[in-house]
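# What the coordinates show
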Amino acid sequence: MIPAVVADRIYAAAQNGTVAAFDAANGREFWRTNVGQRISGAVGASDELVVVGSLEGEVIALTTDGKPAWRARVSSEVVGPPAVTADLVIVRSADLRVFGFEARDGKRRWVYQRAAPPLTVRTPAGAAVQGQLAFAGFPGGKLVALATNNGGLRWEATV
């Protein structure tokens, strides 16, 4: 799985539920824990949180010292790395939904949903955040920009 790099730390996860933090300079392990679920997608992190998603549709947030912070549910398997900012965690699910959660407590802030085309190739797509917008790609070559405060569609483009 793709690791997350924040400042001098690398956060990595394994499908068996293990999440660990390492020193980027020398590989020294800071901590290791098991979240009790099979992990899908990859790791997302910020200065305060490390977030993973599960095959069962659970979003699991840890503090940067490996302690449990919160858990939240989404509608299906988490398919990409969570995007984590100071106040928001954005997660994509296999059923083409994008969820926005409060970073401090995991409360769902919003959800954006698109209709699935008749044939979709599954890809480990996440989301990217820039300023007040979250960007996500969808089957059929669609790129959307969503407002981070409420998940509202700001614009859509065909790639």
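Cut-off values and rules
Residues numbered from 1 in each chain as written. Predicted model: local features only at pLDDT ≥ 70, side-chain atom pairs only at ≥ 80, totals over all residues. Heavy atoms only, no water. Helix = DSSP H or I, 4+ residues; strand = E, 2+ residues; numbered from the N terminus. Rg over C-alpha atoms; globule rule 2.2 N^0.38 Å. Buried < 20%, exposed > 50% of the residue type's maximum accessible area, 1.4 Å probe, protein only. Contact = heavy atoms within 4.5 Å. Areas by Shrake-Rupley, 256 points an atom, 1.4 Å probe, with all protein chains shown as cover. Lys, Arg positive; Asp, Glu negative; His and termini not counted. Charge placed at Lys NZ, Arg CZ, Asp CG, Glu CD. Pairing = 2+ DSSP bridges. Axes fitted to C-alpha atoms, helices over the stretch in contact; angles between N-to-C directions.

### Remarks on the overall build of the protein
- Per the secondary structure count, the protein includes zero helices and 16 strands.
- In terms of overall size, the protein behaves like a compact globule, its C-alpha atoms giving a radius of gyration of 15 Å where 159 residues would be expected to give roughly 15 Å.
- The dimensions of the protein, computed from C-alpha atoms along their principal axes, are 45 × 30 × 30 Å.
- Within the span of the protein, comprising 159 residues, buried residues form 45% of the whole.
- When contacts within the protein are restricted to residue pairs at least 6 apart in sequence, long-range pairs at least 24 apart make up 33% of them.
- Accessible area of the protein: about 7900 Å², with a carbon and sulfur share of 51%.
- Considering the protein, the positive charge centre built from 17 side chains and the negative charge centre built from 14 side chains are found 6 Å apart.

### Structural notes on unusual backbone geometry
- At Ala7, a residue that is not glycine, the phi angle is positive and equals roughly 55°.
- In this structure, Leu96 takes a positive phi of about 70° despite not being glycine.
- Along the polypeptide, Leu96 turns up in the loop between strand 10 (88–92) and strand 11 (97–102).

### Regarding the sheet that holds strand 8 (residues 68–73)
- The antiparallel open sheet is built from four strands, whose spatial order is 5-6-7-8. Two strands close off the open sheet at either side, each with one partner strand: strand 5 (39–45) and strand 8. Across the sheet, the mean angle separating the axes of adjacent strands is 15° when strand polarity is ignored.
- Direction of pairing for strand 6 (residues 49–54) relative to strand 7 (residues 58–63): antiparallel, over a ladder of five bridges. Across the sheet, Leu49 pairs through a bridge with Thr63, a residue of strand 7.

### Side note on the sheet that holds strand 12 (residues 108–113)
- Spatial ordering of the open sheet is given by 9-10-11-12, a layout of four strands whose pairing is antiparallel. Whereas interior strands pair on both sides, the edge strands pair on one side only; in this sheet they are strand 9 (83–84) and strand 12.
- As defined by bridge partners, strand 11 adjoins strand 12 across five bridges and the pair is classed as antiparallel. Within strand 12, the position partnered with Arg97 by the bridge is Gln113.

Such coordinate-based values are descriptive only and should not be taken to indicate function.
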